[in-house]
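Understanding the architecture of this molecule
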Amino acid sequence: MKLKSASFILGILLLGIYSALAFALMRTTDLLEFSSSELSKAAHSISVVQSLKNRMLAHNRNAFLYHIEKDPVHFETLRMQRLEILDYLKAAEQLISNKEESDILHAVQNDIASYLKKRDIVEEKLLTPWEKYVLVSNDLEKAITAIDRLVTVNRSKMDTLSAEIKRQKKEANLLAVILYVLAAISLVIIIIAVFFAVVYPLMEVDSAITNVSAGKSVSRVNPSGVAEIRKIAANFNAMTERLEEKRRDQLRFIASIAHDIRNPLNSISMASEILTQQVQEEDREIAMIVNRQVRNLDRLVGDLLDTTRIEAGQLDLSFTKQNVSQLVKDAVELIRTGSHLHEFKLEFLDQTLMCNCDGGRLLQVLNNLLSNACKYSPNGGTITVRAWKEDANIKVSVADQGIGIAPEDIDSIFKPFHRTKATKDTIPGIGLGLSASRRIVEAHGGSLVVESVPGKGSTFYVTVPQNTFSQQVSNDSPPPVQIQTPSMQL
Ligand code: ADP
């Protein structure tokens, strides 16, 4: 799905859910507001009706006192109370909210009207206060009973409204919780969806691009996520495919040239070897220089061929039981003859360090490390070679007192064609020996690392397991073992 359509659908879905919930919440709060106003109306109505009742009782009592005492103050109070009673009746009328209340209020109005009328009638009669009191008491009683009914109705209305408000409050709380939970869930879903549809596929593409730009292996990206990112991944894969194809073409070209150079080089090497023996004493030095340079050239071409083989993902190793101490001695002897500037020190704890390995390839690694030790110690110095057994591994170290390697170059010198700034323009080389050596050692299940102090010298450590592939190796006729090496970026 496209990012645009996914966002559109998700947006509509979320909008729908939230609108429905927000509408429900608004409706509940409206109902709550209505119930609350009804509740306060009912409470007000009760208080008005109660006041009406009190005024009625006070009016009756005051009329009685007036009849006894004939005090004009009581008369004035009676007049005021009558007005108040009528005011309260009007106020009660304003607070009526249903038919039942309206009917009862009607009854109250009628009863109060008959009470007041009766009062006017008895006023004109010549009766004792007590007789007058008894004559109106029936109407007063009826009016008070009607008022009490109105109070009761309002009380029960208040009870119903309180229960309703409680229920609506619960409903509003529940809706708020649902809204909150839904918001949290949709947020989590959005985060997860965005992660898997956008972030994770982008991270994959980013890591593949970083690998390529850092010169690591060219990996493929599994196209996933939204359509736009899948398209980027597909384009990236197509681009790396083309890059690899181009690189394979270059390697095939290099390999064919290296192969073609090797044959005449072998002949020249053999001829220069013979020449070294046969020439006159005064020309021997020149013949030896030719021989040395041809050997150097041969080594370079060999490294080039190895690199192309490794790059093709194949390296033929033939495992046999080897005495690593002897291999080290042979390598040192070979290099000693070509270098008079350096002193070589051999340190073995054990003269026999047996190991299942490809002797020729291990010798190639040692030759490379030793010739580098000489090459990158242009002022001479001591080259110390140690070999020892550690746990189930054989270790060999080659230490020189040369120019050393800057910390930022330590990793890159093991990549093909990588040379340090310090040596690029001053010491000849093509930057293939260490990458091939590391691949060879790693194909044995071991490692090749370096420690170095610029200006003081470097120590390279080769570690190979003693019994690598021992189950596949026979002493008499060792079968070649083809190791699949991971392809690397040139
Ligand atoms: P080359 O020697 O042909 O350049 P290598 O792969 O053997 O190729 O070495 C890669 C780089 O590592 C060299 O160019 C050099 O900068 C650095 N290097 C290798 N060995 C040493 C050493 N013993 N001392 C200092 N620098 C070294």
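Remember, predicted model here, so these are calculated numbers, not experimental data.

Quick notes on the site of the ligand
Taken together, 20 residues are adjacent to the ligand, and Asn372, Tyr376, Arg419, Thr423 and Leu434 come closest. Tyr376 is positioned with one of its side-chain polar atoms (N or O) 2.7 Å from an oxygen atom of the ligand. Its free accessible area being 530 Å², the ligand has 98% of it covered by the protein chains. Applying the majority rule of atoms within 2 Å of the grid points places the ligand in the largest cavity. Mapped onto the shell around the ligand, the elements with two or more residues apiece are α8 (359-375), α10 (433-443) and β8 (457-465). Sort the elements by how many residues they give to the shell around the ligand and α8 lands first, with 3 residues. Of the residues assigned to the shell around the ligand, the class counts are 7 nonpolar, 10 polar and 3 charged.

Observations regarding the layout of surface pockets
Its boundaries defined by the atoms lining it, the largest pocket holds a volume of some 1,000 Å³. Surrounding the largest pocket, 33 residues form its lining, Arg292, Asn296, Arg299, Ile335 and Ser371 being those nearest its centre. Going through the elements one at a time, α6 (281-311), α7 (324-338) and α8 are the ones with two or more residues in the lining of the largest pocket. Residue contributions to the lining of the largest pocket peak at 13 residues, all from α6. When its residues are assigned to classes, the lining of the largest pocket shows 10 nonpolar, 13 polar and 10 charged.

Focus on the pattern of salt bridges
Side chains carrying opposite charge are able to pair once their charged atoms draw close together. Using the criterion set out here, one finds 24 salt bridges in the structure. Here Glu76 makes a salt bridge to Arg79, at a shortest N to O gap of 2.9 Å. Of this pair, Glu76 and Arg79 are both found in helix α2 (residues 72-94), 3 residues apart, which corresponds to roughly one turn of the helix. Relative accessible area serves as the criterion here: at 36%, Glu76 is assigned to the partly exposed category.

A word on the nonpolar core
The biggest cluster of nonpolar side chains holds 42 residues, and the ones touching the most others in it are Val328, Leu370 and Phe460. Looking at this core, the element that brings in the most residues is α8, giving 7 residues. Other than its neighbours up to four places away in sequence, Phe460 contacts Leu369, Val396, Ser397, Val398, Ile405, Ile413, Phe414, Leu434, Leu448, Val449 and Val450. Grouped together as the second largest cluster of nonpolar side chains are 25 residues, Leu89, Leu95, Ile147 and Leu150 included.

A closer look at unusual backbone geometry
One non-glycine residue with positive phi stands out, namely Lys70, at about 55°. Its location among the elements puts Lys70 in the loop between α1 (3-69) and α2. For Asp391, which is not glycine, the phi torsion reads 50° and is therefore positive. When you line up the elements, Asp391 lands in the loop between β5 (381-390) and β6 (393-399).

Considerations on the pairing of β8
Of all 9 residues that make up β8, 8 are buried, and the element is covered over most of its length. Pairing analysis gives 7 bridges linking β6 to β8, with the strands arranged antiparallel. Across the sheet, residue Ile394 finds its bridge partner in β8, namely Val464. Bridge analysis of strand β7 (residues 447-453) against β8 gives 7 bridges, and the strand direction is antiparallel. Among the inter-strand pairings, Glu451 is bridged to a residue of β8, identified as Thr459.

Remarks on empty space enclosed by the protein
Applying the stated rule across the entire model yields 2 cavities of 30 Å³ or more. Forming the boundary of the largest cavity are 28 residues, of which Asn372, Tyr376, Ile413, Arg419 and Leu434 lie nearest the centre. When contributions to the lining of the largest cavity are tallied by element, the ones reaching two or more residues are α6, α8, α10 and β8. In terms of residues, the lining of the largest cavity owes the most to one element, α8, which gives 4 residues. Each residue belonging to the lining of the largest cavity can be placed in one class, and the counts come to 10 nonpolar, 12 polar and 6 charged. Approximately 30 Å³ is the volume attributed to the second largest cavity.

Definitions and cut-offs
Residues numbered from 1 in each chain as written. Predicted model: local features only at pLDDT ≥ 70, side-chain atom pairs only at ≥ 80, totals over all residues. Heavy atoms only, no water. Near = heavy atom within 4 Å. Polar contact = N/O pair within 3.5 Å; in protein donor to acceptor, adjacent residues only side chain to side chain. Areas by Shrake-Rupley, 256 points an atom, 1.4 Å probe, with all protein chains shown as cover. 1 Å grid on protein atoms, 1.4 Å probe; cavity = no way out; pocket = protein on both sides within 12 Å on 5 of 7 lines; lining within 4 Å. Sits in = over half its atoms within 2 Å of the grid points. Helix = DSSP H or I, 4+ residues; strand = E, 2+ residues; numbered from the N terminus. Nonpolar A, V, L, I, M, F, W, Y, C, P; charged D, E, K, R; others polar. Points joined across faces, edges and corners; volume = space filled by probe spheres on them. Salt bridge = Lys/Arg side-chain N within 4 Å of Asp/Glu carboxyl O. Buried < 20%, exposed > 50% of the residue type's maximum accessible area, 1.4 Å probe, protein only. Core = buried A, V, L, I, M, F, W, Y, C linked by side-chain atoms within 4.5 Å. Contact = heavy atoms within 4.5 Å. Pairing = 2+ DSSP bridges.

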